[in-house]
Structures are given as C-alpha cells and as structure tokens.
Amino acid sequence: MDDGTGTERIIQSGLRPYLTEEELLGQHLIIAANLAPRKMKGVESRGMLLACDYTEDGKEKVELLTAPWAAPGTIIQIEGAEYTGEKPAKIDIDHFCKIEYRVSGKTFTIAGKKAMAAGKPVTTNKADNCEVC
C-alpha cells in the first residue's frame, strides 16, 4: 500500500468476504495510519482501513472510505481544526475506538465534525447513518 511515506505498509482486515482484490486496487483509501502495529496471523499489520456497512437488496455490504482527489499520505483533518504539521503519535486500538467515527448524511464525521481530505469532505456513495470501523 502506498501511504505517501515511501515505506511499504501492510494492513490486514476482515474485508475479504465483502470486497475483491480488484475492488481495492487503485483506491485512495482512508486509513488509520497511527495505530500501533500488531501481529495478526503472524504478519504485522500497520494500520486499519476505514469502512462502513450498509444493506442493499437484503445483503450486508461494505463501503470503504475513500478520497480519490487526495494524494497518498494526505492527513485527514477535522473541519475547522488547524493542522500543525506534526504526525500523530502511535495509539492503541482501544484509544482509537473511544472516538466516535460515523457517516451521517453520507459525510464521514469524527467526534461529530466533518472529516476533510485536501480541503474536501470525505463522503460515501451508499452507506449512511452508520458507524465507521
């Protein structure tokens, strides 16, 4: 995965039942890059893909959060917050999950505020009124 750092990043996820490799390739995905690495099935996973689920035609589906206009490595900011240029410290998954990540009105929000990538709000095509994980 190209996260803009020039260093290889492997992220393991539970999305295989929902998405094919072809559906993932070439996407500008939103990731939690500052999670502390952890071993999963013997492989170090360095981050988490952010996604939300929805139902279509009675089937559970998953939509990845993407920002196709943003360059790899673009920092996600909360609308109205000033970015200091400092990289966030590594955090554990429990700390990460204490913050509310949702899609409301097809807009990704963090703690109730719009999540922005390169000055534009991150939105979904299908998923709405759901948690992001």
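Our structure's up above, just so we're on the same page.
Draft legend 1. Spatial organisation of the nonpolar core. Among the nonpolar cores identified, the biggest contains 22 residues, and Ile30, Leu50, Cys52, Leu65, Phe96, Phe108 and Val132 are the most heavily contacted of them. Those elements that provide at least two residues to this core are strand E5 (51–56), strand E8 (101–104), strand E9 (107–110) and strand E10 (113–117). In contact with Phe108, other than residues within four places in its own chain, are Ile30, Leu50, Leu65, Tyr101, Arg102, Val103, Lys113, Lys114, Ala115, Val122 and Val132. Judged by nonpolar contacts, the second largest core, of eight residues, contains Ile11, Leu49, Ala51 and Leu64.

Draft legend 2. Region of interest: the side chain of Thr124. Position of Thr124 relative to the elements: it lies in the loop between strand E11 (120–121) and strand E12 (130–131). At 2.5 Å, the side chain of Thr124 and the backbone oxygen of Ala127 are in polar contact. Not counting residues within four places of it along the chain, the set of residues in contact with Thr124 comprises Cys52, Glu63, Leu65, Val103 and Lys106.

Draft legend 3. Up close: the pairing of E5. With six bridges joining them, E5 and strand E6 (residues 59–64) adopt antiparallel strand pairing. By the bridge assignment, Cys52 is partnered in E6 with Glu63.

Draft legend 4. Geometry of the state of the cysteines. Counted under the stated rule, the structure contains zero disulfides. Summary of cysteine pairing: Cys52 is not part of a disulfide, and the nearest cysteine sulfur, belonging to Cys130, is at 4.0 Å. The exposure class assigned to Cys52 is buried, which follows from its relative accessible area of 2%. Note on Cys133: no disulfide assigned, nearest cysteine sulfur contributed by Cys52 at a separation of 8.0 Å. By relative accessible area, which is 59% here, Cys133 ends up exposed.

Cut-offs used in this document
Residues numbered from 1 in each chain as written. Predicted model: local features only at pLDDT ≥ 70, side-chain atom pairs only at ≥ 80, totals over all residues. Heavy atoms only, no water. Core = buried A, V, L, I, M, F, W, Y, C linked by side-chain atoms within 4.5 Å. Buried < 20%, exposed > 50% of the residue type's maximum accessible area, 1.4 Å probe, protein only. Helix = DSSP H or I, 4+ residues; strand = E, 2+ residues; numbered from the N terminus. Contact = heavy atoms within 4.5 Å. Polar contact = N/O pair within 3.5 Å; in protein donor to acceptor, adjacent residues only side chain to side chain. Pairing = 2+ DSSP bridges. Disulfide = S-S within 2.5 Å.

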